[in-house]
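Next come the chains, spelled out residue by residue.
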Amino acid sequence: MNTADFDAFEAAVAGHPDEVDLFSAAMIIARLGGHPVDPHAAARALDIIAEDVLAEAGDRPSHEALAHAIDHQLFAVRGFRGSFEHYDDPENSYLDRVLERRVGIPITLSLVYLEIAARVGLPAEGVGFPGHFIVRYGEPGSYTYLDPFQQGARLDEAELLAMLRGLDLGGARPETFLAAVTRRQILQRMLNNLHVIFRNRRDIQRWHDTIELQLRLAPWNVALIGERGMLRYRLGRLDEALPDLETYVSVTEKDASPGAIRLLDQLRIRYRNMGESR
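If you're wondering where the values come from, they're calculated on a predicted model, not measured in any experiment. (Residues numbered from 1 in each chain as written. Predicted model: local features only at pLDDT ≥ 70, side-chain atom pairs only at ≥ 80, totals over all residues. Heavy atoms only, no water.)

A. Layout of helix α6 (residues 106–120). Under the 1.5 Å per step criterion, the end-to-end length of α6 is 21 Å for 15 residues, consistent within 8% with the ideal 21 Å. Most of α6 sits inside the fold, with 13 of its 15 residues counted as buried. One or two steps after α6, the chain reaches G121, where phi turns positive at roughly 90°. (Helix = DSSP H or I, 4+ residues; strand = E, 2+ residues; numbered from the N terminus. Expected span 1.5 Å × (residues − 1). Buried < 20%, exposed > 50% of the residue type's maximum accessible area, 1.4 Å probe, protein only.)

B. Representation of the pattern of salt bridges in the model. By the definition in use, this model includes 23 salt bridges. The closest approach of N and O atoms between R119 and D47, which form a salt bridge, is 2.8 Å. Linking R119 in helix α6 with D47 in helix α3 (residues 39–57), this pair joins segments that are 72 residues apart in sequence. With a relative accessible area of 29%, D47 lands in the partly exposed category. The salt bridge partner of R136 is E125, with a shortest N-O separation of 2.9 Å. Of this pair, R136 sits in strand β4 (residues 134–137) while E125 sits in strand β3 (residues 124–127); the two residues are eleven residues apart in sequence, bridging distant segments of the chain. Using a relative accessible area of 9% as the deciding quantity, one classes R136 as buried. (Salt bridge = Lys/Arg side-chain N within 4 Å of Asp/Glu carboxyl O.)

C. Expanded view of the packing of α6 against helix α8 (residues 183–201). Running from amino to carboxyl end, α6 crosses α8 at an angle of 150°, the nearest separation of the two axes being 10 Å. By the angle between their axes, α6 is roughly antiparallel relative to α8. Crossing angle aside, the handedness with which α6 passes α8 is left-handed. Residues I107, T108, L111 and L114 of α6 pack against I186, R189, M190 and N193 of α8. Partitioned by chemical class, the residues of the contact of α6 with α8 number five nonpolar, two polar and one charged. (Axes fitted to C-alpha atoms, helices over the stretch in contact; angles between N-to-C directions. Parallel < 35°, antiparallel > 145°, perpendicular 65-115°, else oblique. Left-handed = near helix turned anticlockwise from the far one by under 90°. Contact = heavy atoms within 4.5 Å. Nonpolar A, V, L, I, M, F, W, Y, C, P; charged D, E, K, R; others polar.)

D. The arrangement of the sheet that holds β4 in detail. In space, the four strands of this open sheet follow the order β3-β4-β5-β6, with antiparallel pairing throughout. Of all the strands in the sheet, the pair left with one neighbour each is β3 and β6 (153–155). On average, each strand axis in the sheet is inclined to that of its neighbour by 35°, with strand direction left out of account. When β3 meets β4, the two strands line up antiparallel, connected through four bridges. Residue pairing across strands places G126 opposite V135, the latter belonging to β4. Contacts from α6 reach β3, β4 and β5 (144–147) within the one sheet, and its direction differs from that of β4 by about 25°. (Pairing = 2+ DSSP bridges.)

E. Highlighting the packing of aromatic side chains. Per the counting criterion, the structure on display carries two aromatic pairs. Seen in terms of ring centroids, F84 and F149 are 4.6 Å apart; in terms of plane orientation they differ by 50°. Their pairing is tilted. Of the two residues, F84 is situated in the loop between β1 (81–82) and α5 (95–101) and F149 in the loop between β5 and β6; the sequence distance between them amounts to 65 residues. By relative accessible area, which is 52% here, F84 ends up exposed. Aromatic side chains Y87 and F149 sit 5.8 Å apart centroid to centroid with 75° between the ring planes, which places their arrangement in the edge-to-face category. (Phe/Tyr/Trp six-rings, centres within 6.5 Å; stacked < 30°, edge-to-face > 60°.)

The following block contains the structure:
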C-alpha cells in the first residue's frame, strides 16, 4: 500500500459516525492483499444481490420479508458460508474476495449482509458480540439477531444474554454487548483480525500497513505508534522509526517495551555518530 491509500482511508473514516464510508474503507483494507481491487465490481455485485432480494420480497415488504429474502439470496441461492477450514486466511477479511469466493469470517459476512440490508431498506446493524460478530435488524424493542457465519441462523436474545453472563465482561453489563457498534468499530475489528494474522505470519510489510490503517482510526494509540516504529526499523525506514520510538518511549516511560528502548538507543547512537562524522 502507499500514502494515497492511507490518505483515502483517512478520508473515508472522517466526519460524523454516520458519514463514515464503510464500503470504501473496507475496499481499501482489501488492498492489503496485494491483488487488484475493483470497488465498482464489488459494488455492482452487491447491487445485483439487492435487486434480487427486492424482486423476491415483493411490493412493500415487511422487515421480516426483506430479511428472509436476504437469507435466501445470500445463503441458499449464492451459497455464502463461513470459512471453518481456513478461518485465519486473510482473504476472508477482504470484502471483494469474500464477494468473489462467497466465503468469509463473521465480520465480513456480516458486512455483506449490512451492505445488502442498506440497499433494500432493512434497518440492520452490526453487533460486537465477544469473539463473534453478528447482526441485528428491526426496531428498538423488537430486534431479531442473526449469525451470517452460520448462514443466517436466528439467535435468541435471552440465550445470548445468558451466554454473556457466563463470561468475564470486566464489570460491563451484558446488554452492552448486544448494542450496535459504529462503522469505525467494524473497521477496527476487521483490522484487528488482520493485525493478528500478519503478526503471527511475520509478514512485516502487511503488518506495518495494517497498523498504518489502524492509526488512521486511533491516532492517539501510543502502543501502535511504538509497534510501527519497531516495524519501520526492521523495514530499514530508520528516519521514520526514530520519531515513532521516541514518542512511544516518552509517553509510556517505565512501561515501555525493552525492545523498543533498545532500538531507540541504537538509533540515537547511530544518528549521533553520523553527526560527529560530518
